[in-house]
Amino acid sequence: MDYPEISIIVPVYNVEKYLPQCLDSILAQTFTDFELICVNDGSTDRSGKILDEYVAKDARIKIIHQQNKGLVGARNSGIDMAKGKYLYFVDSDDIIHPQLLEICHALAEKENADWVCFQMQTVRADEEIKPIKYDISELDYIVTNNPLIYCTAKQKYELGFSVWSKLYLRSFYLQHRFDLKIRFEDYPQTLDFCASHPKTVCLKEPLYFYTDNCESISRSNFTVQKIKDYHTGLNYVYEIYKSRPQELKIVIKNVFGRVLKRQLSVIRHSEKAVQQPLWQAFAAELTDLYNKGCIKLSGTKFKNWLKYRWLIYISSKGEK
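Now for a look at the structure at hand. Predicted model only: the values in this text are computed from it and were never measured.

**Observations concerning the packing of helix H1 (residues 19-27) against helix H2 (residues 47-55)**
One can describe the packing of H1 onto H2 by two numbers: an axis separation of 10 Å at closest approach and a directional angle of 30 degrees. In terms of axis orientation, H1 runs roughly parallel to H2. Crossing geometry of H1 relative to H2 is assigned as right-handed. Between H1 and H2, the residues in contact are Leu19, Pro20, Leu23, Asp24 and Leu27 and Ser47, Ile50, Leu51 and Tyr54, respectively. For the contact of H1 with H2, a count of residues per class yields 7 nonpolar, 1 polar and 1 charged.

**Brief notes about the environment of glutamate 127**
By the element assignment, glutamate 127 lies in the loop between strand E6 (115-123) and strand E7 (141-144). Each C-alpha atom of the pair glutamate 127 and threonine 211 lies 9.1 Å from the other, and the pair is 84 residues apart in sequence. A polar contact of 3.0 Å, which involves the side chain of glutamate 127, links it to the backbone nitrogen of arginine 124.

**Some words on the nonpolar core**
Among the nonpolar cores identified, the biggest contains 101 residues, and Ile8, Tyr88, Tyr241 and Phe282 are the most heavily contacted of them. If one sorts the elements of this core by residue count, helix H8 (residues 245-268) sits on top with 10 residues. Beyond its immediate chain neighbours, meaning those up to four positions away, tyrosine 241 contacts Leu148, Leu191, Cys194, Ala195, Glu247, Leu248 and Val251.

Thresholds, definitions, all that
Residues numbered from 1 in each chain as written. Predicted model: local features only at pLDDT ≥ 70, side-chain atom pairs only at ≥ 80, totals over all residues. Heavy atoms only, no water. Axes fitted to C-alpha atoms, helices over the stretch in contact; angles between N-to-C directions. Helix = DSSP H or I, 4+ residues; strand = E, 2+ residues; numbered from the N terminus. Parallel < 35°, antiparallel > 145°, perpendicular 65-115°, else oblique. Left-handed = near helix turned anticlockwise from the far one by under 90°. Contact = heavy atoms within 4.5 Å. Nonpolar A, V, L, I, M, F, W, Y, C, P; charged D, E, K, R; others polar. Polar contact = N/O pair within 3.5 Å; in protein donor to acceptor, adjacent residues only side chain to side chain. Core = buried A, V, L, I, M, F, W, Y, C linked by side-chain atoms within 4.5 Å. Buried < 20%, exposed > 50% of the residue type's maximum accessible area, 1.4 Å probe, protein only.

This is the structure in structure tokens:
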């Protein structure tokens, strides 16, 4: 049996407003040897019906209808069905450049890479996108076995944390099968991959268009559980790198600081009535990470550093 070269996995949950444009952007790919696995993760809107309509249009589309298992569970269901040499993930409220698969596949084959990483561009939901047509032979990219050094946005070639900013060799991905059932799982998974020093192609071109969607997981109401999920993810990363002091130093400076800064910002902008338990949970996370040596002034704005130290101090005193 002939298998497709690339398996595209799209978790779907209540995105009827955005789903058609996402699927259309995938079906418009210049590289056509792929299967599209859509995992309807217990949607209660018309998302499931939209998927059924698309199946009738294109034989490359496969659908899994399942009870809600969350993003990791949905992705894993798709992985179990996938047959392609490569894996690619798309969020169902975003769209992709028409040459994404063509470019990434060509470079992965040329360089015998474990994964190909590229950039993203944030767009409004109602924004008309006019993609640039690329000449693959003229693309500027680097090849490295130490992708960790490209984890900061200050780099010309940013690695990025999101799984949708990478095309994976399926055999490589399966060696690092991820089953940490938390929200915001992309950064610990990406850093797990980096620890194996994979052969990496990094592009500077934006091939993914991220929709600024206020209903997405990352923009939804912040809760104590989400802080615990962030904490779980950071501890997961710490366990990977704690015996690698030089690499841990890079991770603390360029990753831990960014993740903590995001939590601090979201809590500050939460409603005053719900902030107290959020600050308490965040203080507990900070205390644990500080005791592990994972909170440093380097890579942290001084005012944020002072806030972290204050939260750790009042937590140690049992103050609210």
